[in-house]
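Chain residues, written in single-letter form:
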Amino acid sequence: LNDSAAFLWRCLSTDKTIDDLAEELSISKNQLSKDLKLVRTKFRKVGIEVINKPYYGLKIDANEIKQRQYLAKMESEKLVSSNYGTTFSGDSDENIILAQLKTIITNDCENFNYNLEDMTCDNLVTHLYIALKRSEKKYHVNFTPEDKKKIEEEEEFSFKTEIKKVEEVKEEVKIEVKEETKE
């Protein structure tokens, strides 16, 4: 179910119809409906709804924070299943960007004498990658002033202000972040 949830997440992120999904997965519409029932239950547990819009297709209904958290959760489950054997290696575009982000974070940690465990570093890299990629597609998180204040009070926030600015990271990993927001 984890793999099917991950794959369906990717498919649903592109607003496909049940017919399109069934064809892409090479399964019957009946089997897809059964799988969707399980996936909907799994998603619902974390506050994410899968809705079916007639003549439009399936769509994920959740705020941006929930979506990013779920994407990070799927990634961490992948890491656990591979015994945290993450190296962000290989020559796919994703692995190149992940490796660049890890290098940036590792170097900044060393520059500021900040000790970061490997697993924590990989988790941070994953969250940054998701944030950059979602922002690139114009999906942004809108924080309330109260949320911003809570975040700024966290210990990690002071470290965040020490590491490279987001603009430098975007430039270094060659990701274009668009300013318009999708709802």
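Each residue is numbered by its place in its chain's sequence as written, counting from 1. Totals for whole chains, interfaces and linings use every residue, but because this is a predicted model, local features are given only for residues with pLDDT of at least 70 and side-chain atom pairs only at 80 or more, for both listing and counting. Calculation of side-chain values draws on the structure's entire complement of heavy atoms; hydrogens and water are dropped beforehand.

Caption draft 1: Summary view of the pairing of strand S1 (residues 49-53). Paired strands, in this sense, are two strands between which DSSP finds at least two bridges. A run of H or I in DSSP becomes a helix once it reaches four residues, and a run of E becomes a strand once it reaches two; helices and strands are each numbered from the N terminus. Examined bridge by bridge, S1 and strand S2 (residues 57-61) share five bridges and lie antiparallel to one another. Looking at the pairing, glutamate 49 lines up with aspartate 61 of S2. In textbook terms, the turn of a hairpin is the stretch between consecutive antiparallel strands, and for S1 and S2 this stretch comprises three residues, one of which, tyrosine 55, has a positive phi near 65 degrees.

Caption draft 2: Highlighting the packing of aromatic side chains. Only Phe, Tyr and Trp rings take part, Trp by its six-membered ring, and two of them pair if their centres are within 6.5 Å. Stacked means planes under 30 degrees apart, edge-to-face means over 60, and tilted covers everything else. Enumeration over the complete set of coordinates arrives at one aromatic pair. Between phenylalanine 43 and tyrosine 70, the aromatic rings sit 5.0 Å apart at their centres with planes inclined by 85 degrees, giving edge-to-face as the arrangement. Of the two residues, phenylalanine 43 sits in helix H3 (residues 29-45) while tyrosine 70 sits in helix H4 (residues 64-81), which places them 27 residues apart along the sequence. Each member of the pair phenylalanine 43 and tyrosine 70 is classed as buried. Directly above the ring of tyrosine 139 sits arginine 134, whose terminal nitrogen or CZ lies 4.1 Å from the centroid. Three labels apply to residues, based on accessible area from a 1.4 Å probe with only protein chains included: buried if under 20% of the type maximum, exposed if over 50%, partly exposed otherwise in between. Placement of a positive charge over a ring is assigned whenever Lys NZ or Arg CZ falls within 6 Å of the ring centre and within 35 degrees of the normal to the ring plane.

Caption draft 3: Local environment of the pattern of salt bridges. Put simply, a salt bridge is a Lys or Arg side-chain nitrogen that is within 4 Å of an Asp or Glu carboxyl oxygen. Here the structure, examined in full by the defined rule, presents seven salt bridges. In this structure, lysine 102 engages aspartate 122 in a salt bridge whose closest nitrogen and oxygen atoms are separated by 2.8 Å. On the criterion of sequence distance, the pair formed by lysine 102 in helix H5 (residues 93-111) and aspartate 122 in helix H6 (residues 118-136) is long-range, its members being 20 residues apart. Residues lysine 102 and aspartate 122 agree in their burial class; the two are buried. Put simply, lysine 133 and glutamate 136 hold a salt bridge, and the shortest N to O gap is 2.8 Å. On the criterion of helical spacing, the pair formed by lysine 133 and glutamate 136 is a turn pair, its members being three residues apart in helix H6. Through salt bridges with shared partners, one network takes in Glu64, Arg68 and Arg134.

Caption draft 4: Expanded view of the packing of helix H2 (residues 18-25) against H3. Note on geometry: axes are lines fitted to C-alpha atoms, helical ones only across the stretch in contact, with angles between N-to-C directions running from 0 to 180 degrees. Viewed as axis vectors pointing N to C, H2 and H3 meet at an angle of 100 degrees, and their least axial separation amounts to 9 Å. As the angle between them shows, H2 and H3 are arranged roughly perpendicular. For the pair formed by H2 and H3, the contact residues are Ile18, Asp19, Leu21, Ala22 and Leu25 on the first element and Lys29, Leu32 and Leu36 on the second. Side-chain classes are defined by residue name, with Ala, Val, Leu, Ile, Met, Phe, Trp, Tyr, Cys and Pro counting as nonpolar, Asp, Glu, Lys and Arg as charged, and the others, Gly among them, as polar. Residue composition of the contact of H2 with H3, grouped by class: six nonpolar, no polar and two charged. Between 65 and 115 degrees an angle is taken as roughly perpendicular, under 35 as roughly parallel, over 145 as roughly antiparallel, and anywhere else as oblique. Contact definition: two residues touch when any of their heavy atoms are within 4.5 Å.

Caption draft 5: Focus on the side chain of arginine 134. Tracing the backbone shows arginine 134 in helix H6. For arginine 134, the contacting residues outside a window of four places in its chain are Glu64, Gln67, Arg68, Leu71 and Tyr139.

Caption draft 6: Here's a closer look at the packing of H5 against H6. Axis separation between H5 and H6 bottoms out at 9 Å; the angle between their running directions is 125 degrees. In terms of axis orientation, H5 runs oblique to H6. For H5 against H6, the interelement crossing comes out right-handed. Taking contact as the criterion, the partners of Glu94, Ile97, Leu98, Leu101, Lys102, Ile105 and Thr106 in H5 are, on H6, Cys121, Asp122, Leu124, Val125, Leu128, Tyr129 and Leu132. Considering only residue class, the contact of H5 with H6 consists of ten nonpolar, one polar and three charged. Note on convention: the crossing is left-handed when the near helix lies turned anticlockwise from the far helix by less than a right angle, right-handed when the turn is clockwise.

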